[in-house]
Amino acid sequence: MEAIEKNKLGAWYSSEEFEKLYTYLDGDLGAGWTKNKTTFRVWAPTAKEVYVNLYQNGWRGKKETAERIAMDPHRNGVWTAAKNGDLQGTFYTYSVLIDGAEQEACDPYAKAVGVNGERAMVVDLASTNPEGWDKDKSPFRECDATDAVIYEAHIRDLTVHKDSGIENKGKFLGLTEEGTVNCSGDITGLDYIADLGVTHIHLLPFFDYASVDETQEGQYNWGYDPKNFFVPEGSYATDPYHGETRICEAKKMIAAFHSKGIGVIMDVVFNHVHDAEKFCFNNIVPGYFSRIDSEGVYSNGSICGNDTASERSMVREYIVQNILYWVEEYHMDGFRFDLVGLLDIVTVNEIIERVHEVRPEVLFYGEGWAMPTNVTKEVKMATQKNSHLTPGFAYFNDTIRNLLRGRNSDTNEKGYVNGRTGMADSLKSNLMGIPYWVSSPLQVVNYASCHDDLTLYDKLKEAEPEADRAGLLRSNRLAAGIVFAAAGIPFIQAGEELVRRKVNADGTMNSNSYNAGDSINAISWECLQNADCREMRDYYKGLIAFRKEHPSLRMGDIEEIRDRFTFYDIPKGEETVCLINCEGINGESAAQLCMIFNPEQAEKEIFLPDGRWEIHVSAGKAGTECIEEVKGSVTVSPVSCMFLVKKQESAYEENS
Ligand code: CA
């Protein structure tokens, strides 16, 4: 390639001409290991010379002279080299010579790395498979996205508390341990999550991220700062130095969840990298991975210093290959995309199409906020507003979150569950799974809290500092009732069901605990000693069971929902009644469901349609058993929801 002036590189990379010359889609970049030979392939279209450097150590601090092998130009900007012998465990980097300057970098396609991800490692992936891995598979086949119940957690938060009863605190292996209990004998960890009834665990980033020093113990970060996209994070492994250990232990964790019938979702952060100047892809092909203008200024919609140029063919290919790899090698069941509104829809759709060819049940969802970003081509972004252009991708529903608890940006603002009035129309559209920006419940992730911003309880407390705990817990239960009743995909932050709080040492509430450490972030398993935490857990557990019992709540077809849902307006009241006609729905035991939401401080008498109704969810209790049978009318407690089931007539005939 001829030398291109630096300020014109970005435009050149995004030109049709460049993409025609240098797009390589064979899917074999990286180090391909066999027992007798390893083949290295790297995409470096702007380099004059490329070398692979072989090391015995994975750590740059250790003085060592590399064995240096010149690579040969292959095609479309790819360079190759092969080395005979069994290279398993050999560390390596690439050196590229561009405009007379040499730059050494890790392999962007590294499947294994040494400590802190500085050097790649050649790995025989089959040797990293735990026992039984060949039989490990997703617990799901042919399920709709709306059948999922997602539990969002951080590996360290779940395991690290002194009362977790878990041996491998803060580690992948901590989530493989069975039979763990807290000091009062309540189950914790893996068993606890399985008992709750959720279908999927969504884990905050566990690809290799940069902000934790893997040579130290006890550091904390959420992990939204990618370093090596194809490799698990080393600080979650019992040994971050030997590249195979983290791979094996991540697989063990995934297999443990699968053995409990739970799918595993990884939080992926493609929209930016930890340090664009130091990111290995940008070192090998200067500035290619990021959106940089002709003045050399990085686009920064991510507010993390750089935005990924997903619209370029070899960035798109990188992201597609990455997701395919996690699906095939790690048997992942879903992906949550951080700030997906910074990625283009072509990339997002290609990922879904390629994955769904082999695994149609894999879930895809993310944050579809529209953010300003300096794209290098004319592209549409994967935002809520463009949701109709990415039909296989679901978006976080901040409309229901704001409806329930008030906006995050206004800590004093209340929501439907703590006294804000005039919300009935928004409640109805959210119960049908179609907030104003979307037309299918399959594309909606409903939630009242996630790792970002205040926990649900803290937000309710912030808006009503004088309210007593019992009152706040009532609001919390009503919010949960709406999340699990609404069409769409229900999602809870781990610990929401344990009245989780994030309180700083000075008593203020922490709305961004990404580096706040274990004292703020750890799930406090000892809280299960408190009756109100146990009751809240049981309430969530009951709501999850109720939702799983009733396919009427999990419909994905908006036309069917329109046909079957009826709302009763109550004059002069804030309460809402939603009636679902369940006749003929596959797997549904009810003839009708009646869901009543009462956000007011007064109890309400609600008239019911004809017939015998069983209360399954009320102010204090939720589940799939009849709490009480009623006819004619029912009294609903202040700030609560009530779900009633009218059985099919045949159910009574059989019993009588
Ligand atoms: Ca790391």
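Above this note sits the structure.
Being a predicted model, the structure only gives us computed values, none of them experimental. (Residues numbered from 1 in each chain as written. Predicted model: local features only at pLDDT ≥ 70, side-chain atom pairs only at ≥ 80, totals over all residues. Heavy atoms only, no water.)

Undergrad: Tell me about the packing of helix H12 (residues 469-485) against helix H14 (residues 531-549), residues and numbers included.
TA: Two elements in contact, H12 and H14, have axes separated by 10 Å at closest approach and are oriented at 15°. Classified by the angle between their axes, H12 and H14 sit roughly parallel to one another. Judged by the sense of rotation from one axis to the other, the crossing of H12 with H14 is right-handed. Side by side, H12 and H14 meet where Arg469, Leu473, Asn476, Arg477, Ala480, Gly481, Val483, Phe484 and Ala485 of the first sit next to Asp532, Cys533, Met536, Tyr539, Tyr540, Leu543, Ile544 and Arg547 of the second. Grouping the amino acids of the contact of H12 with H14 by side-chain chemistry returns 11 nonpolar, 2 polar and 4 charged. (Axes fitted to C-alpha atoms, helices over the stretch in contact; angles between N-to-C directions. Helix = DSSP H or I, 4+ residues; strand = E, 2+ residues; numbered from the N terminus. Parallel < 35°, antiparallel > 145°, perpendicular 65-115°, else oblique. Left-handed = near helix turned anticlockwise from the far one by under 90°. Contact = heavy atoms within 4.5 Å. Nonpolar A, V, L, I, M, F, W, Y, C, P; charged D, E, K, R; others polar.)

Undergrad: Kindly report on the sheet that holds strand S14 (residues 263-268), identifying the contributing residues and their values.
TA: Here we have 8 strands rolled up into a closed barrel, ordered S10-S11-S14-S15-S16-S17-S18-S19, and parallel in their pairing. If you compare each strand with its neighbour and ignore which way they point, the axes differ by 30° on average. In this structure, strand S17 (residues 394-396) lies alongside strand S18 (residues 444-447), joined through 2 bridges in parallel fashion. Bridged to phenylalanine 396 within S18 is valine 445. Running over the sheet, H12 touches S18 and strand S19 (489-493) and is turned about 145° from S19. (Pairing = 2+ DSSP bridges.)

Undergrad: So what's going on with the coordination of the calcium ion? Which residues, and what values?
TA: Surrounding the calcium ion are the protein donor atoms Asp208 (OD), Tyr209 (O), Glu214 (OE) and Glu233 (OE), at 2.2 to 2.3 Å. Along the chain, the residues that donate to the calcium ion are spaced as D-Y-x4-E-x18-E. With aspartate 208 in strand S12 (residues 207-209) and glutamate 233 in the loop between strand S13 (226-232) and helix H5 (243-259), the pair connects residues that are 25 residues apart, well separated along the chain. Judged by its relative accessible area of 0%, glutamate 233 falls in the buried class. (Donors = N, O, S within 2.8 Å, 3.2 Å for Na, K, Ca; no water. Buried < 20%, exposed > 50% of the residue type's maximum accessible area, 1.4 Å probe, protein only.)

Undergrad: Help me get a handle on H5, residues and values and all.
TA: Spanning 17 residues, H5 covers 25 Å between terminal C-alpha atoms, matching the ideal 24 Å at 1.5 Å per step. Among the 17 residues that make up H5, 13 are buried, leaving the element largely enclosed by the rest of the structure. (Expected span 1.5 Å × (residues − 1).)

Undergrad: An account of the environment of methionine 371 is requested, with residue identities and associated values reported.
TA: Its location among the elements puts methionine 371 in the loop between strand S16 (363-366) and S17. On a C-alpha basis, the gap between methionine 371 and serine 302 in space is 7.7 Å, while along the polypeptide they are 69 residues apart. Not counting residues up to four positions away in its chain, the partners in contact with methionine 371 are Gly301, Leu339 and Leu342.

Undergrad: How would you sum up the environment of phenylalanine 393? Please name residues and give values.
TA: Mapped onto the elements of the fold, phenylalanine 393 is located in the loop between S16 and S17. Placed 11 residues apart in sequence, phenylalanine 393 and alanine 382 show a C-alpha to C-alpha distance of 8.9 Å. Setting aside anything within four residues of it in sequence, one finds phenylalanine 393 in contact with Phe337, Val340, Val348, Ile352, Phe364, Tyr365, Gly366 and Gln443.

Undergrad: Account for the packing of aromatic side chains, naming residues and giving values.
TA: Here the structure, examined in full by the defined rule, presents 46 aromatic pairs. Ring centres of tryptophan 43 and tyrosine 288 lie 4.8 Å apart, and the angle between their planes is 70°; this geometry places the pair in the edge-to-face category. Linking tryptophan 43 in strand S2 (residues 37-43) with tyrosine 288 in the loop between helix H6 (280-284) and helix H7 (313-330), this pair joins segments that are 245 residues apart in sequence. The burial state of tryptophan 43 is the same as that of tyrosine 288; both residues are buried. Judged by centre distance (5.8 Å) and plane angle (45°), the rings of phenylalanine 270 and phenylalanine 337 are tilted. Taken together, the residues phenylalanine 270 in the loop between S14 and H6 and phenylalanine 337 in strand S15 (residues 334-337) connect sequence positions 67 residues apart. Exposure class is identical for phenylalanine 270 and phenylalanine 337. Each is buried. The ring of tyrosine 51 carries arginine 68 above its face, with NZ or CZ at 3.9 Å from the centroid. Between the NZ or CZ atom of lysine 111 and the centre of the ring of tyrosine 325, over which it lies, the distance is 5.5 Å. (Phe/Tyr/Trp six-rings, centres within 6.5 Å; stacked < 30°, edge-to-face > 60°. Lys NZ or Arg CZ within 6 Å of the ring centre and 35° of its normal.)

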